[in-house]
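Inside the fold
Each chain, written out:
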Amino acid sequence: MASASNDLSAITNTLTDDVSSWEGQNLISVTQMTTSGILRLFQTAQSMRSLVRSKGGDERLKHKVLASVFYEASTRTSCSFQAAMMRLGGTFLHVDGGKGGNTSASKKGESLEDTIRCLECYTDVTVLRHPTTGSVQQVALGDGTVKPVINAGDGVGEHPTQALLDFFTIWDELGLSFEVMKGNSTVDNPHTGPLVVVLLGDLKHGRTVHSLAKLLARSSLKHELVLRYCAPATLEMPEHVKEYVQQCTNVKQEEYSDMSEAVKGANVLYVTRVQKERFETAEDYEKVK
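All of the points below concern the structure found in this document. Bear in mind the structure is a predicted one, so any value in this text is a computation, not a measurement.

Parameters at a glance
Residues numbered from 1 in each chain as written. Predicted model: local features only at pLDDT ≥ 70, side-chain atom pairs only at ≥ 80, totals over all residues. Heavy atoms only, no water. 1 Å grid on protein atoms, 1.4 Å probe; cavity = no way out; pocket = protein on both sides within 12 Å on 5 of 7 lines; lining within 4 Å. Points joined across faces, edges and corners; volume = space filled by probe spheres on them. Helix = DSSP H or I, 4+ residues; strand = E, 2+ residues; numbered from the N terminus. Nonpolar A, V, L, I, M, F, W, Y, C, P; charged D, E, K, R; others polar. Salt bridge = Lys/Arg side-chain N within 4 Å of Asp/Glu carboxyl O. Buried < 20%, exposed > 50% of the residue type's maximum accessible area, 1.4 Å probe, protein only. Axes fitted to C-alpha atoms, helices over the stretch in contact; angles between N-to-C directions. Parallel < 35°, antiparallel > 145°, perpendicular 65-115°, else oblique. Contact = heavy atoms within 4.5 Å. Phe/Tyr/Trp six-rings, centres within 6.5 Å; stacked < 30°, edge-to-face > 60°. Lys NZ or Arg CZ within 6 Å of the ring centre and 35° of its normal. Pairing = 2+ DSSP bridges. Right-handed = clockwise from strand over helix to strand, strands pointing away.

Our focus in this paragraph is the layout of surface pockets. Space inside the largest pocket adds up to approximately 2000 Å³. At the level of elements, α1 (35-55), α2 (76-87), β3 (125-130) and α5 (160-174) are the ones that each hand at least two residues to the lining of the largest pocket. For the lining of the largest pocket, the leading source of residues is α1, giving 9 residues. Class assignment of the residues belonging to the lining of the largest pocket gives a composition of 24 nonpolar, 10 polar and 8 charged.

Quick look at the pattern of salt bridges now. Applying the stated criterion across every chain, the model contains 10 salt bridges. The salt bridge involving D172 is made with R49; its shortest N-O contact spans 2.9 Å. On the criterion of sequence distance, the pair formed by D172 in helix α5 and R49 in helix α1 is long-range, its members being 123 residues apart. For R49, a relative accessible area of 29% gives the class partly exposed. In this structure, the salt-bridge partner of D58 is R60, at a minimum N-O distance of 2.6 Å. The class for D58 is partly exposed, based on a relative accessible area of 22%. Taken together, the salt bridges that share partners define one network made up of E239, K242 and E255.

Another point: the packing of helix α6 (residues 207-217) against helix α7 (residues 239-246). Packing of α6 against α7 leaves a shortest axis separation of 9 Å and a crossing angle of 10 degrees. Viewed along their axes, α6 and α7 adopt a mutual orientation that is roughly parallel. Two secondary-structure elements touch here, α6 through H210, A213, K214 and A217 and α7 through V241, Y244 and V245.

Moving on, we get to the packing of aromatic side chains. Under the criterion given, the structure shown has 7 aromatic pairs. Ring centres 6.4 Å apart and planes at 20 degrees place the aromatic pair W171 and F178 in the stacked group. Residue class for F178 comes out buried when judged on its relative accessible area of 0%. Seen from the ring of Y244, K214 lies directly overhead, with NZ or CZ sitting 5.7 Å from the centre.

Looking now at the sheet that holds strand β7 (residues 251-256). Hydrogen bonds between backbone groups are what pair the strands of a sheet, and the pairing can be parallel or antiparallel. The strand order across the open sheet built from 4 strands is β7-β6-β5-β8, with neighbouring strands paired in parallel fashion. Strands at the two margins of the open sheet, each flanked by one partner only, are β7 and β8 (268-272). Looking at each pair of strands side by side, their axes are set apart by 20 degrees on average, direction ignored. With 5 bridges connecting them, strand β5 (residues 195-201) and β8 associate as parallel partners. If you follow V198 over to β8, its bridge partner there is L269. Here α7 sits on the sheet and contacts β6 (225-230) and β7; the angle it forms with β7, its principal contact strand, is near 150 degrees.

The buried fraction of β6 is high, at 6 of 6 residues. One ladder, built from 6 bridges, connects β5 with β6; its direction is parallel. For L199, the partnering residue across the bridge sits in β6 and is Y229. What joins β5 to β6 is α6, and the crossover it makes is right-handed. As defined by bridge partners, β6 adjoins β7 across 6 bridges and the pair is classed as parallel. Bridge pairing links R228 to E254 in β7. Note that the unit made of β6, α7 and β7 has a crossover that is right-handed.

Shown next as structure tokens:
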């Protein structure tokens with residue numbers, strides 16, 4: 001059920017290793033998950049991967065319908081949700097609410113809240129992407145929605161599901177361990193020493209790097225975490241993200257202007273494009289592309 005409050009602090013650290021804590025809940029921000037909750041999600045992802053590889057899927061979501069609502073362009077995110085739903089026996093309705101789309105009543109003046117409220121009559125869960133920062137939170141935690149909403153990107157705010165996928169890949173490939181019960185890696189050659197992650201590109205507008213930096217910092221890894229930020233002038237990591245990371249333990253933040261220096265000794269290089277659509281003028285974009 002959606003909360004009656006728009007305050008994210010009310011749902012911080014509420015998604016844990018207890019499966020029931022996830023049932024019927026929104027996913028708006030990476031701050032909702034505890035370390036044990038992240039581990040539970042990653043272990044579930046591993047089992048889903050094995051299921052798809054061995055059987056192609058199952059029918060656990062039979063007769064369930066996903067509302068795929070995108071007011072910004074998407075290929076990988078929208079298709080991954082749709083494919084996951086179909087792999088598990090469900091189906092989906094897709095609404096293209098962007099400027100070039102023709103399946104959204106927003107062109108007739110319908111509000112975002114009314115669109116989602118209407119779609120809930122037909123569906124069981126909504127995946128929502130919108131260009132306005134905070135829009136998904138407003139919809140999910142407002143009084144209008146009663147079914148779960150998943151944030152697939154809200155302006156320059158967050159993209160929690162992308163950050164979770166990226167962190168899962170890092171955790172799975174490198175063999176990382178968490179400071180929780182049964183949090184040790186089970187791979188043959190687990191990572192030792194610090195984890196050095198370089199975030200490169202448009203860090204100002206890149207919602208994926210905002211979510212990933214916060215997720216990595218708050219995950220209680222058994223490794224010292226070094227986050228290196230490397231961005232063109234004027235596109236540096238926002239202060240509010242750095243301030244959040246600074247509050248976390250066992251994390252060091254470094255800023256570089258020279259990419260060749262930033263990548264020395266790095267374990268992960270995470271590159272995000274300069275986002276032309278976020279600039280007020282074409283001239284501003286040309287200065288930094």
